[in-house]
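# Examining the three-dimensional arrangement
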Amino acid sequence: MSIAEAARRTGVSAHTLRYYERAGLVVTPVDRTHGGRRRYREFDLEWITICTRLRATGMPIRGIRRYAELVVAGRGNEGERLELLESHHDEVLARIAELQENLDLIARKVDVYRGRLAAGDADRLWAPRRTPAGD
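Rules and cut-offs
Residues numbered from 1 in each chain as written. Predicted model: local features only at pLDDT ≥ 70, side-chain atom pairs only at ≥ 80, totals over all residues. Heavy atoms only, no water. Helix = DSSP H or I, 4+ residues; strand = E, 2+ residues; numbered from the N terminus. Rg over C-alpha atoms; globule rule 2.2 N^0.38 Å. Buried < 20%, exposed > 50% of the residue type's maximum accessible area, 1.4 Å probe, protein only. Contact = heavy atoms within 4.5 Å. Areas by Shrake-Rupley, 256 points an atom, 1.4 Å probe, with all protein chains shown as cover. Arc of directions from axis to C-beta. Phe/Tyr/Trp six-rings, centres within 6.5 Å; stacked < 30°, edge-to-face > 60°. Salt bridge = Lys/Arg side-chain N within 4 Å of Asp/Glu carboxyl O. Patch = residues over 30% accessible without salt bridge, like charges linked within 9 Å, V, L, I, M, F, W, Y side chains within 5 Å. Lys, Arg positive; Asp, Glu negative; His and termini not counted. Charge placed at Lys NZ, Arg CZ, Asp CG, Glu CD. Core = buried A, V, L, I, M, F, W, Y, C linked by side-chain atoms within 4.5 Å.

For the protein chain, the helix and strand inventory stands at five helices and two strands. What you see in the protein chain, going N to C, is helices and strands ordered as α-α-β-β-α-α-α. Its C-alpha atoms give the protein chain a radius of gyration of 25 Å, clearly above 14 Å, the size a compact globule of 135 residues would have. Along the first, second and third principal axes, the C-alpha set of the protein chain runs to 75 × 35 × 35 Å. Counting only residues that meet the buried cut, the protein chain has 27% of its 135 residues in that class. Sequence separation of at least 24 residues holds for 42% of the intrachain contacts in the protein chain that already meet a minimum separation of 6. Accessible surface computed for the protein chain: about 9900 Å², of which carbon and sulfur atoms make up 54%.

So, about helix α1 (residues 3-10). For α1, every residue scored as buried is listed here: Ile-3, Ala-6, Ala-7 and Thr-10. Down the axis of α1, the sector holding all buried residues measures 100 degrees, keeping them to one side. Exposed residues pointing more than 90 degrees away from the buried face of α1 are listed as Ala-4 and Arg-8. On its buried face, α1 is in contact with α2 (14-22), β2 (38-39) and α3 (42-56). Just beyond α1, the residue with positive phi is Gly-11, at close to 80 degrees.

Another aspect to go through is the packing of aromatic side chains. Under the definition given, this model contains two aromatic pairs. Measuring from ring centre to ring centre gives 6.3 Å for Tyr-19 and Tyr-20, while their planes differ by 55 degrees; the resulting arrangement is tilted. Overall, the relative accessible area of 33% leaves Tyr-19 in the partly exposed class.

Summed over all chains, the structure comprises nine salt bridges. Here Arg-41 ties to Asp-44 by a salt bridge, and the two come within 3.2 Å at their closest N and O atoms. Residue classification places Arg-41 among the partly exposed positions, given a relative accessible area of 33%. A relative accessible area of 2% places Asp-44 in the buried class. Residue Arg-124 pairs with Asp-121 through a salt bridge whose shortest N-O separation is 3.4 Å. With relative accessibility at 60%, the residue Arg-124 sits in the exposed group. With relative accessibility at 17%, the residue Asp-121 sits in the buried group. What emerges from the salt-bridge pattern is a single network uniting Glu-21, Arg-32 and Arg-38.

Next up on the list: a negative patch on the surface. On the surface, Glu-83, Glu-86, Asp-90 and Glu-91 cluster together to form a negatively charged patch. The residue Glu-83 is located in helix α5 (residues 78-119) in this model. When its relative accessible area of 58% is taken as the criterion, Glu-83 is described as exposed.

Within soluble globular proteins, side chains that are nonpolar tend to cluster in buried spots. In terms of nonpolar packing, the biggest core is built from 24 residues, with Leu-17, Leu-25 and Tyr-40 touching the most fellow members. When contributions to this core are tallied by element, the ones reaching two or more residues are α1, α2, α3 and α4 (61-73).

So this is what it looks like as structure tokens:
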């Protein structure tokens, strides 16, 4: 399929597809037509989806490149691949936990505001006091 179709199906731009290829993130050479245009296969799209998901979860390009290098190297490094993915998994879980803590605080604040607005005493919500100039 064309680069435009691959971009549509993966949800990334044609520019990003070309960048992934230049950055060494693609594990097989992308086929080309006789005219030199890129021609993607289903396997390419599946791999690009993996790359975009790893990137979306915060894996640095160098980490994705390392993973791609290990895949390209073939059998015998599965333990290293697993270690790389487990490390990233743990980092994502830690970020999710941090986000959940932040979301919990926001939810508590929302509940306070809703309660105070419903009770008609929202003006009693805490606000810093302004001191007169010069104090």
